[in-house]
Amino acid sequence: MWLAAALGVLAATLTVAFVGVGGVLAALERIGWRGLAVLIAYSALPYLLLGSAWSCLERPWRVRRWAALVWARMVRDASGELLPFSHLGGLVIGARAATLQGLSSAWAAATTVVDVSAELVAQVGFTGLGVALLVTRLAPDLKSNSLIGAAVAGLVITAAATLAFVGFQRRGLGALIALIQRFAPAAALGAHETRGLIEELYRRPGRLGLGAILHLAAWVASACGAWLALRVAGVAIGVLDVVGLEALVMALRSAAFVAPMGIGVQEASYAVLGPVFGLGPEVAIALSLIKRARELAVGLPVLLIWQGLESRRLISSRPGG
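These numbers come from a predicted model, not from an experiment. (Residues numbered from 1 in each chain as written. Predicted model: local features only at pLDDT ≥ 70, side-chain atom pairs only at ≥ 80, totals over all residues. Heavy atoms only, no water.)

### What about the overall build of the protein chain?
- Scanning the protein chain from N- to C-terminus turns up 12 helices and 0 strands.
- Counting across all 321 residues of the protein chain, residues that qualify as buried make up 46%.
- In the protein chain, of all internal contacts separated by at least 6 residues, the share reaching a separation of at least 24 is 73%. (Helix = DSSP H or I, 4+ residues; strand = E, 2+ residues; numbered from the N terminus. Buried < 20%, exposed > 50% of the residue type's maximum accessible area, 1.4 Å probe, protein only. Contact = heavy atoms within 4.5 Å.)

### Side note on the nonpolar core
- Judged by nonpolar contacts, the single largest core of 38 residues is most densely connected at Leu134, Leu230, Val235, Leu245, Tyr270, Phe277 and Leu279.
- When residues in this core are grouped by element, the largest group, 7 residues, is from helix H10 (residues 239–255).
- In contact with Leu230, not counting residues within four places along its chain, are Ile31, Val235, Ile237, Val242, Leu279, Val283 and Leu287.
- With 34 residues, the next largest nonpolar core counts Met74, Val75, Leu103 and Val298 among its residues. (Core = buried A, V, L, I, M, F, W, Y, C linked by side-chain atoms within 4.5 Å.)

### Thoughts on the pattern of salt bridges
- Scanning all chains against the criterion turns up 12 salt bridges.
- Where Glu310 meets Arg96, a salt bridge forms, and the shortest distance between an N and an O atom there is 2.8 Å. With Glu310 in helix H12 (residues 281–317) and Arg96 in helix H5 (residues 86–100), this pair connects stretches of sequence that are 214 residues apart.
- Accessibility expressed as a relative area gives 33% for Arg96, which makes it partly exposed.
- Taken together, the shared-partner salt bridges in this structure form one network comprising Arg73, Arg76, Asp77, Asp115 and Glu119. (Salt bridge = Lys/Arg side-chain N within 4 Å of Asp/Glu carboxyl O.)

### A word on the packing of helix H3 (residues 44–55) against helix H9 (residues 205–232)
- Remark: H3 packs on H9, axes separated minimally by 8 Å, with the N-to-C direction vectors making an angle of 170°. Here H9 runs roughly antiparallel to H3, going by the angle between their axes. On H9, the residues that touch Leu45, Pro46, Leu49, Leu50, Ser52 and Ala53 of H3 are Gly211, Leu214, His215, Ala217, Ala218, Ala221 and Ser222. (Axes fitted to C-alpha atoms, helices over the stretch in contact; angles between N-to-C directions. Parallel < 35°, antiparallel > 145°, perpendicular 65-115°, else oblique.)

### Some details on the packing of aromatic side chains
- Taken as a whole, this structure holds 1 aromatic pair when the rule is applied.
- Relative to Trp219, the ring of Phe126 has its centre 5.5 Å away and its plane inclined at 25°; by these criteria the two rings are stacked. Remark: Trp219 occurs in helix H9 and Phe126 occurs in helix H6 (residues 105–137); sequence separation between them is 93 residues. Each member of the pair, Phe126 together with Trp219, is buried. (Phe/Tyr/Trp six-rings, centres within 6.5 Å; stacked < 30°, edge-to-face > 60°.)

### Some remarks on the packing of H3 against H6
- At their nearest, the axes of H3 and H6 sit 9 Å apart, and the two run at 120° to each other. Comparing their axes, H6 and H3 come out oblique. In the crossing of H3 with H6, the sense of the turn from one axis to the other is right-handed. Across the interface between the two elements, Leu50, Ala53 and Trp54 from H3 touch Ala108, Thr111, Thr112, Asp115 and Glu119 from H6.
- Split by residue class, the contact of H3 with H6 holds 4 nonpolar, 2 polar and 2 charged. (Left-handed = near helix turned anticlockwise from the far one by under 90°. Nonpolar A, V, L, I, M, F, W, Y, C, P; charged D, E, K, R; others polar.)

### Digging into the confidence of the model for the protein chain
- Per-residue confidence for the protein chain averages 82 on the pLDDT scale, and 84% of its residues sit at or above 70.
- Least confident of the elements in the protein chain is helix H1 (residues 2–19), whose mean pLDDT is 68; most confident is H3, at 95. (pLDDT = per-residue confidence, 0-100.)

### Some remarks on the side chain of Asp241
- Among the structural elements, Asp241 can be located in helix H10.
- A polar contact of 3.1 Å, which involves the side chain of Asp241, links it to the side chain of Arg137. (Polar contact = N/O pair within 3.5 Å; in protein donor to acceptor, adjacent residues only side chain to side chain.)

This is how it looks when you write it as structure tokens:
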């Protein structure tokens, strides 16, 4: 983990140096606090959509549960991005945050797994949208452009990984639970309950489809937020160009999941793909850095509040607490 982070920082530093430190700093000043403020304020919309995607797995739908899952989703993303546990750790902490809001452990775990499946399906669609927009951008060189071939290959790999993940849930959980039962029988009881809930959720394809649509809407909304921040900074670029750029950058960042926060991968991706969609590499890297500042500005308070809730629960659970 630490080695991956160190290599990522080195890659990001080299990318900035290659593009030009002065140009990146000038672009950062151009986007400035106004662009950051727009990104922070606008981030509420994707979170509301992401929480709604998780919440729609419930039956019946309830406002209090929806609000709890919006919050849990914020904790999931903040911990996955800012804590040294990788995205898998973020999923665990997000499910834990949901239990602090009243959901059972089995239900939080099951809905987290299925919600991740819906999000992966949505990312395949979002990446496909990015590939389509890339093709329209590079149409004159369609036959010879290797970038399109790489993007299509990435889309195929993403779709295959999604199918494998969903297939494992449907057919591989039994073997995993049997292994747990052999070495930890008590834990297997909860695993059996979680498996049953996952199977129940998959018997509601309409809700799963709605979740995928809401996730896709959240991906697009996030890209529109980046476009709005650029427009506030006076950068002339079309919204579809930013959507295409964000779709491909996020696909590359997801593929490099071993890199904490996608450090290095995100900066290099923006530097390479930005000019293809009409965004100079200096401005593209500046946008990446502004988005990282947004993650810190939103994520750190979320984690502090979550830690406070955990501490309060721990104190109250002690005898005489």
